[in-house]
Amino acid sequence: MDEKDIILITIIIISAMLLGLLIYHTIVNTPETNKNDDNVNNSAKIKINYVIFYSENNENHREYVTVNVGKENANKTVSMVVQFYNNKEIMNLPRYTDYKVDSEGNIKYKVTTRMSKYPNKSKIIINDGKKEITHSFNLKEKSGTQTLYV
């Protein structure tokens, strides 16, 4: 092996390393695509169509909320917070949580705070990363299901 062969082998090794770095850099800096979100309509606008509130029938009950934002938003991930009030007094300590809109366009939310009174108002805030919407609902202070349309 003479000096020319060593230089040629060195050039090949360096070229292979540079090619590997280029491929690695391309993979690392390519935006990820989630294959589960192939059917997401990113241009769909978030809006609340209706909300179903369900209150358990017992002392220190929980609230369950289903928010319909339309089938056109199926598979989209949104951040949402649901606040409950009784005579302007906040009843829960909500925080934004990410939810995936199901195939029917629903976001399902369960309040973890147990409540000693039934709420008479709820405020729902949804953020889809482009737009934030807020809507308030007046509730009857009772157990059972209440469906409210926007």
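Presented here is a report on the structure given in the accompanying data block. Just so it is clear, the structure is predicted and the values come from calculations on it, not from any experiment.

1. With respect to the overall build of the protein chain
What the protein chain contains, in helices and strands, is 1 helix and 9 strands. The linear arrangement of helices and strands in the protein chain, starting from the amino end, is α-β-β-β-β-β-β-β-β-β. Taken over 150 residues, the protein chain has a buried fraction of 35%. A separation threshold of at least 6 residues defines the contact pool for the protein chain, and within that pool the share at least 24 residues apart is 61%. Of the roughly 10,200 Å² of accessible surface on the protein chain, a fraction of 53% belongs to carbon and sulfur atoms.

2. What to know about the pairing of strand 8 (residues 132-138)
By the bridge criterion, 7 bridges tie strand 7 (residues 121-127) to strand 8 in an arrangement that is antiparallel. Residue pairing across strands places Ile124 opposite His135, the latter belonging to strand 8. Here strand 7 hands over to strand 8 after 4 residues, with Gly129 in that stretch at a positive phi of 90°.

3. Some words on the nonpolar core
Membership of the largest hydrophobic core comes to 23 residues, with the highest contact counts inside it found for Val65, Val67, Met80, Phe84, Ile107, Ile124 and Ile126. Sorting the residues of this core by element identifies strand 1 (50-55), strand 2 (63-68), strand 3 (77-86), strand 6 (106-110), strand 7 and strand 8 as the ones contributing at least two each. For this core, the element with the most residues is strand 3, which contributes 4 residues.

4. Digging into the sheet that holds strand 1
Sheet architecture is open: 4 strands sit in the order 6-2-1-9, paired in antiparallel fashion. Of all the strands in the sheet, the pair left with one neighbour each is strand 6 and strand 9 (144-149). Sheet twist, expressed as the mean angle between neighbouring strand axes with direction ignored, is 15°. Taken together, the 6 bridges between strand 1 and strand 2 define a ladder with antiparallel strand orientation.

5. Digging into the side chain of Glu56
Its place among the elements puts Glu56 in the loop between strand 1 and strand 2. A polar contact of 3.1 Å, which involves the side chain of Glu56, links it to the side chain of Tyr64. Leave out the neighbours within four places in its chain, and Glu56 touches His61, Arg62, Tyr64, Arg114, Tyr118 and Ser143.

6. Observations concerning the pattern of salt bridges
Under the defined criterion, the tally for this structure stands at 3 salt bridges. Salt-bridge contacts for Asp128 lead to Lys76; the nearest nitrogen and oxygen are separated by 4.0 Å. Of this pair, Asp128 sits in the loop between strand 7 and strand 8 while Lys76 sits in the loop between strand 2 and strand 3, placing them 52 residues apart in sequence. For the pair formed by Asp128 and Lys76, the shared burial category is buried.

7. Focus on unusual backbone geometry
We note that Asn75 has phi near 75°; this positive angle belongs to a residue other than glycine. Within the fold, Asn75 resides in the loop between strand 2 and strand 3. Taking relative accessible area as the criterion, Asn75 reaches 21% and is therefore assigned partly exposed. Notably, Lys88 is not glycine yet its phi reads approximately 70°, a positive angle. Residue placement: Lys88 occurs in the loop between strand 3 and strand 4 (89-90). Residue classification places Lys88 among the exposed residues on the basis of a relative accessible area of 81%.

Rules used throughout
Residues numbered from 1 in each chain as written. Predicted model: local features only at pLDDT ≥ 70, side-chain atom pairs only at ≥ 80, totals over all residues. Heavy atoms only, no water. Helix = DSSP H or I, 4+ residues; strand = E, 2+ residues; numbered from the N terminus. Buried < 20%, exposed > 50% of the residue type's maximum accessible area, 1.4 Å probe, protein only. Contact = heavy atoms within 4.5 Å. Areas by Shrake-Rupley, 256 points an atom, 1.4 Å probe, with all protein chains shown as cover. Pairing = 2+ DSSP bridges. Core = buried A, V, L, I, M, F, W, Y, C linked by side-chain atoms within 4.5 Å. Axes fitted to C-alpha atoms, helices over the stretch in contact; angles between N-to-C directions. Polar contact = N/O pair within 3.5 Å; in protein donor to acceptor, adjacent residues only side chain to side chain. Salt bridge = Lys/Arg side-chain N within 4 Å of Asp/Glu carboxyl O.

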